[in-house]
Amino acid sequence: MTVITKSKLQFTKLSARIGAEIRGLDLSQDLSPETVAQIRAALNTHKALVFREVNVRTDEEQVRFASHFGPLTKAHPTVASVDGKPAVLPVDSENGSANNWHTDVTFVVNPPQASTLRSITLPAYGGETLIASSAGAYQDLPAELRNFADTLWAIHTNDYDYSVPKNLEHANADERRKEFTRIHFESAHPVVRIHPLTGERGLFIGGFAQRLRIVGLSNTESKDILRLLQAYVTRPENVVRVNWEPDQLVLFDNRITQHYAPDNYDGQPRQLNRVTIAGDVPRGVDGRSSTAIKGDSSAYSETVIVPEIPQAPAFAAAGANQ
């Protein structure tokens, strides 16, 4: 029972600032350009889209869906893909939980523009995914702090201190860490990123920036400032909590969101498969683009060239997020 009225997709908002869902839209087949354009427009508005009862039950179908929005990245710059599926990354509780706020793969100079997650194995309870609007966070900043953030750049890396209390560390944490850091990446990104399709400004920080520093500041100063800015991203008003069901797919805009997977399911099996769409090089308020410091990401992802749009005011598209 696809929700279509005169070919118009009807998405239901999940919260005021982020998230919308649709039920029964069959995503297993090729989609018309009109449908793809409507999904893209909804993603620009809502930042995260939840598709329930979508009839996407194989990796091939997930790959086909994601490919409508651009070329795909490899599964990950350092972590192995699903066997024989170079674009599919298993997000499996056996390998630990991504229970920290982050934006996917920001340690490379050209992070994915968007990510898709598909439900494979779900726990009886818990296991949700939280997604936060970094555009909402930017809008919440006081003017003085917003102007300061506009000038900042941060170093993102995959090689940082992963230490957690031993009682919370996953059984194969050491092996996982070695795999994740087998190639060392560092990139300098603007703390405030201009979205290339909407012109919105969003805080482009998260886990891979939290452990290093802001350019020109000490580690202590950097941590304090990043902690302050990150608190705006994770305000409840900016977060949607996605409850997983069988046969479900989530698409979120990696340019202007962060996400978090709470470890709240008592060790039950949980597996999602992830496919990501190649992105552009981030651009800051001053027009400068991100730069690579260490590591070559060209084997992981091509770089998408997005035609520049006139820069929107700091509060552009605010109505779309309310």
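Just above, that's the structure.
These figures come from a predicted structure and were not determined experimentally.

Moving on to the pattern of salt bridges. A full pass over the atoms with the stated rule returns 20 salt bridges. Asp59 serves as the salt-bridge partner of Arg118, at 2.6 Å between the closest nitrogen and oxygen. One end of the pair, Arg118, is in strand S7 (residues 114-121); the other, Asp59, is in helix H2 (residues 59-67), with 59 residues separating them in the sequence. For Arg118, a relative accessible area of 4% gives the class buried. Residues joined by salt bridges that share partners form a network here, namely Glu21, Arg23, Arg52, Glu53 and Glu245.

If you walk through the whole model with that rule in mind, you get six aromatic pairs. Considering the side-chain rings of Trp101 and Tyr260, the 5.4 Å spacing of their centres and the 40° angle between planes classify their relative orientation as tilted. Taken as a pair, Trp101 in the loop between strand S6 (89-92) and S7 and Tyr260 in strand S16 (residues 257-260) lie far apart in primary sequence, 159 residues in all. On the basis of relative accessibility, which here comes to 17%, the residue Trp101 falls in the buried class. Note on Phe107 and Phe185: the rings are 5.8 Å apart at their centroids and 40° apart in plane angle, and the pair reads as tilted. Placement of the pair is Phe107 in the loop between S6 and S7 and Phe185 in the loop between helix H5 (173-180) and strand S10 (186-190), with a sequence separation of 78 residues. For Phe107, a relative accessible area of 0% puts it in the buried group. Its relative accessible area of 2% is what places Phe185 among the buried residues. Grouping aromatic residues by their ring pairs yields a cluster made of Phe11, Phe51, Phe65 and Phe69. Taking the ring centre of Tyr138 as reference, the NZ or CZ of Arg146 above it sits at 6.0 Å. One residue, Arg193, lies across the ring of Phe204, its end atom 4.9 Å from the ring centre.

Rules of the game
Residues numbered from 1 in each chain as written. Predicted model: local features only at pLDDT ≥ 70, side-chain atom pairs only at ≥ 80, totals over all residues. Heavy atoms only, no water. Salt bridge = Lys/Arg side-chain N within 4 Å of Asp/Glu carboxyl O. Helix = DSSP H or I, 4+ residues; strand = E, 2+ residues; numbered from the N terminus. Buried < 20%, exposed > 50% of the residue type's maximum accessible area, 1.4 Å probe, protein only. Phe/Tyr/Trp six-rings, centres within 6.5 Å; stacked < 30°, edge-to-face > 60°. Lys NZ or Arg CZ within 6 Å of the ring centre and 35° of its normal.

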